[in-house]
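The residues making up each chain are set out below.
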Amino acid sequence: MKYHISKIAEICHAKSFGNSDLYVEHLLTDSRSVTQSRDNLFFALSGYHHDGHEFVETLYQSGVRAFVVRKTPKIVHPDAVYLLVDDVLKALQAVAKDFRRQFDIPIIAITGSNGKTIVKEWVNQIAGSYYNIVRSPKSYNSQIGVPLSVALLNKQADFAVFEAGISQKNEMSALQEIIKPDIGVLTGFGAAHQENFDSPEEKLREKLLLFKDCKTIIAPADIPDLKSTLNDLFPGKSDALITWSFDDKADYQCAQQIVKNHTIITIINSVEKTEFGIPFIDQASIQNAITAYILTRKMGLECSKVTQKMEHLEPVAMRLEVLEGLNNCTIINDTYNSDVNALQIALDFASKKTQKRIVLLSDIVQSGRTEKDLYQEIAEMMSQDEIQLIGIGERISANCDFFDSDARFFQSTAEFLDSRLYLDFRDAVVLLKGARKFKFEEITRVLEKKLHQTVLEVDLNAMRQNLGYFRSLLPEKTKMMVMVKAFSYGSGYVEVAKLLQEQSVDYLGVAFADEGVELRKAGISLPIIVMNPENSALDLMMNYNLQPEIYSLSQLRVLMNRIKNRAGESMQIHIKLDTGMHRLGFQSHEIQEMLSLLDSEIVHVSSVFSHLAASDLPEEDEFTAFQLNQFHKMYEQIVAVCDVPPLRHIANTHGIIRHPKTHLDMVRLGIGLYGYSSQDKDFLETVIQLKTRILDVKSLKAGETVGYNRSGKLLRDSEIAILPIGYADGIRRKLGNGNWEVFIAGKMYPTIGDICMDMCMIDVTGSKVNPGDEVVFFGDKPSAKAMADKLETIVYEIFTGIPPRVKRIYTSES
């Protein structure tokens, strides 16, 4: 979206002061998520624990120049603009409503007590290969999240799928006015947030307000009074209702059959009978899959295309996760999700396991029911499934009489942990259901089996900050391409690509076609350039809409013939020029022959580019200027025969920082995204940290030796910590014998002895470290750059040398 600030002021009924000659493109509510700062419009929202006005000055220093506020900031800058409104949230919603009116595509809105995010993501998994779908990021379904989701609409979209969630009265009408859905989905109706409504009927009426203008409404048939309530709100609206059920009369009659780890679902309506399998057996997934099937069929997808995708549905990372526990236990971690409906879903999931079942359940808060009714129902659920209950909290303990005699109760999580009762858990499924304040993650920590404890931690917030910094260096119209080759510099293709897509970069760059295919299969729809395309992969690139770099005459001839053999097809390509790097690329004397081979009917030159050889070296600035000059001369020959001028790009990370003249139409950001550059280090955040934990600590006498070849000779009585990380995890053997220090609890400790394949040792003499303590091999301190210097290499090699067996962990506060 792009608006002149005067238009924003008009929409919000705002009093404007400051620089009135600004355009804004991105809506921002979180000061931690600044990206392309000059285009951001910050809404200074106030909540229970924060006031956005406190961050206005910080954001100004980060480059933001447009602010919606309800009070004048302490410092007013003449080059910024401030829109003064009575209600910042309503202003945000008003802008989103105006933006929504510019689109005439089918909009789908999903609400319900459970399953909104899963249905949304599964719809994208099923239909995303055939349609361009805009959807809510994560679980953006609130009064703030919905406007931010709608702001992602674009002219290329075929459909949009947005979640809408409410927790109290008089919220849904505002969301309906923003989304204006054509198709509505009600995934289910349960007790969540019931405490804020006078009755279930009142809450149902509130949810159904979302469907005011919907031409199609999809819902389970077993929701009491659904049709009558719809008609009461909107006369005749039940005609738009499409229902499904396993038992009741419905438009879609459904049946299920569980076979090992799959479920065969049969769906019959007045037109057809369909049967397909899904790789899940729990009731929640079965119900969500049925909803996703009906919805994608209503979106116009053929039955065969939908059912084929159903077989390969992937889990959506929500709160519930299955972990391997100690003593042959399976841990079902559903912490922070403790309403009765969610409990029943989790119990159903646990019932599919063959082991005995133990449930750790905290007080259930905000149920809107009397304690007697609430805990009596829970006790009945437990007794029917022969489950051992461990209740944690004052309220569940006070209602202990409802439960079987073998149930145990504790006043707090700390009291349970102190009892060490968990040491008796063996050969069991242990389900954790806890409200947030009970901190059940502490229980998860002691129950989970510790496998390979070495992880590569990737900070996605830091990555966003770095992206924002590099964007702040560019002219307004310069596009951004980000390199995600080599497993995104070791940090993981899919997760990084999803973040970059969320942040609206313009292109992604990969080295080989199979990297691009993996991203397409993960739902990445951004343009992807393959930098090292092999002739054998040309068909694959066409099948997955990948755009090759073209660097030689022979390669271009092969490509042209291949496309001609696929009648009616064309391809976007990117011409690589050799301006002095002397790797791939056309040299100046080849330009005319290259142009003679191009057929504009089947290939479209999207960009022309080259590669700077030494943009980080001040002593080579003259050569960098020579390369840029060569590029301009070669480009002029190409653009002279193009109907549409191709994009120009030559700048890499150091070109962005040191050589503004190289910014041109687009830049290619690489290692800088991950926090490393020879310049501007103070402005970049550390993204990647390699961490492990101490396995054991030994006390050894002077004269003894440590490790292979007895190379670690002790000159004094020493304490040696053993770490589960070695050269098979990317730690070079050269770093042994004191050549590297690790960081533990504020102190540095040297390696001792040779680095082994799966382990190494450090000297912790005189410290108070213990098994399980966290160890940082590189990150903020010590840095990956320091490790690269020690090994006489570059940071790129350090990052890409961390193998897949090291688990990638992604952190994000947003």
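Residues numbered from 1 in each chain as written. Predicted model: local features only at pLDDT ≥ 70, side-chain atom pairs only at ≥ 80, totals over all residues. Heavy atoms only, no water.

A.B. asks: Just checking my understanding: could you explain the overall build of the protein for this structure?
C.D. replies: On a plain count of helices and strands, the protein comes out with 26 helices and 41 strands. Against the globule reference of 28 Å for 814 residues, the protein gives a C-alpha radius of gyration of 30 Å, in line with a compact fold. Overall, the protein is about 85 × 80 × 65 Å in size when its C-alpha atoms are taken along their principal axes. In the protein, which comprises 814 residues, the share counted as buried stands at 54%. Counting contacts in the protein only where the partners sit at least 6 residues apart, residues at least 24 apart contribute 65% of the total. A total accessible area of about 36,400 Å² is found for the protein, and carbon and sulfur atoms account for 47% of it. (Helix = DSSP H or I, 4+ residues; strand = E, 2+ residues; numbered from the N terminus. Rg over C-alpha atoms; globule rule 2.2 N^0.38 Å. Buried < 20%, exposed > 50% of the residue type's maximum accessible area, 1.4 Å probe, protein only. Contact = heavy atoms within 4.5 Å. Areas by Shrake-Rupley, 256 points an atom, 1.4 Å probe, with all protein chains shown as cover.)

A.B. asks: I would appreciate a short explanation of the nonpolar core in the present structure.
C.D. replies: Within the largest apolar cluster, 109 residues are counted, with the highest numbers of intra-cluster contacts made by L500, L508, I575, F777 and F778. Of all hydrophobic cores here, the second largest spans 60 residues; its members include A14, V85, L186 and C214. (Core = buried A, V, L, I, M, F, W, Y, C linked by side-chain atoms within 4.5 Å.)

A.B. asks: Just checking my understanding: could you explain the packing of helix α7 (residues 200-208) against helix α8 (residues 226-233) for this structure?
C.D. replies: A pair of packed helices can be characterised by two numbers: the angle between their axes and the separation between those axes. For the pair α7 and α8, interaxial distance at closest approach is 10 Å and the crossing angle is 60 degrees. The orientation of α7 with respect to α8, classified from their angle, is oblique. The handedness of the crossing between α7 and α8 is right-handed. Along the contact surface, α7 presents L204, R205 and L208, while α8 presents L226, T229, L230, D232 and L233. Classifying every residue of the contact of α7 with α8 by side-chain character gives 5 nonpolar, 1 polar and 2 charged. (Axes fitted to C-alpha atoms, helices over the stretch in contact; angles between N-to-C directions. Parallel < 35°, antiparallel > 145°, perpendicular 65-115°, else oblique. Left-handed = near helix turned anticlockwise from the far one by under 90°. Nonpolar A, V, L, I, M, F, W, Y, C, P; charged D, E, K, R; others polar.)

A.B. asks: Explanation requested: the environment of N565 in the structure shown.
C.D. replies: Inspection of the secondary structure assignment puts N565 in the loop between α21 (553-564) and β28 (571-576). What makes N565 exposed here is its relative accessible area of 66%. For the pair N565 and D30, spaced 535 residues apart in the sequence, the C-alpha separation amounts to 51 Å.

A.B. asks: Any chance you could explain the pairing of β28 here in plain terms?
C.D. replies: Summarising burial for β28: 5 of the 6 residues are buried, a large majority. At this point the chain moves from strand β27 (residues 547-550), through α21, to the parallel β28, and the crossover so formed is right-handed. As judged from the 6 bridges shared by β28 and strand β29 (residues 603-609), these two strands associate in the parallel manner. Each residue of the ladder has a partner; that of Q572, found in β29, is H604. (Right-handed = clockwise from strand over helix to strand, strands pointing away. Pairing = 2+ DSSP bridges.)

A.B. asks: Would you mind showing me how to read α8 here?
C.D. replies: In an α-helix there are 3.6 residues to a turn, and that puts residues three or four apart on one side. For α8, the complete set of buried residues consists of L226, T229, L230 and L233. Buried positions in α8, seen along its axis, are confined to an arc of 100 degrees and lie on one side of it. Among the exposed residues of α8, those oriented more than 90 degrees off its buried face are K227 and D232. Residues of α8 that are buried in the fold lie against β11 (183-186), α7, β12 (216-220) and β13 (241-245). (Arc of directions from axis to C-beta.)

A.B. asks: Whenever I open this one, the pattern of salt bridges confuses me. Can you help?
C.D. replies: Note that side chains of opposite charge can pair when their charged atoms are close. Scanning the entire structure with this criterion turns up 32 salt bridges. Here R135 ties to E121 by a salt bridge, and the two come within 3.1 Å at their closest N and O atoms. Of the two residues, R135 is situated in strand β9 (residues 133-135) and E121 in helix α4 (residues 116-127); the sequence distance between them amounts to 14 residues. On the accessibility criterion, E121 (15% relative accessible area) is buried. We note a salt bridge from D539 to R566, for which the minimum N-O separation is 3.2 Å. In this pair, D539 is assigned in helix α20 (residues 538-543) and R566 in the loop between α21 and β28, connecting sequence segments 27 residues apart. Overall, the relative accessible area of 28% leaves D539 in the partly exposed class. Salt bridges sharing common partners tie together K120, E121, R135 and E163. (Salt bridge = Lys/Arg side-chain N within 4 Å of Asp/Glu carboxyl O.)

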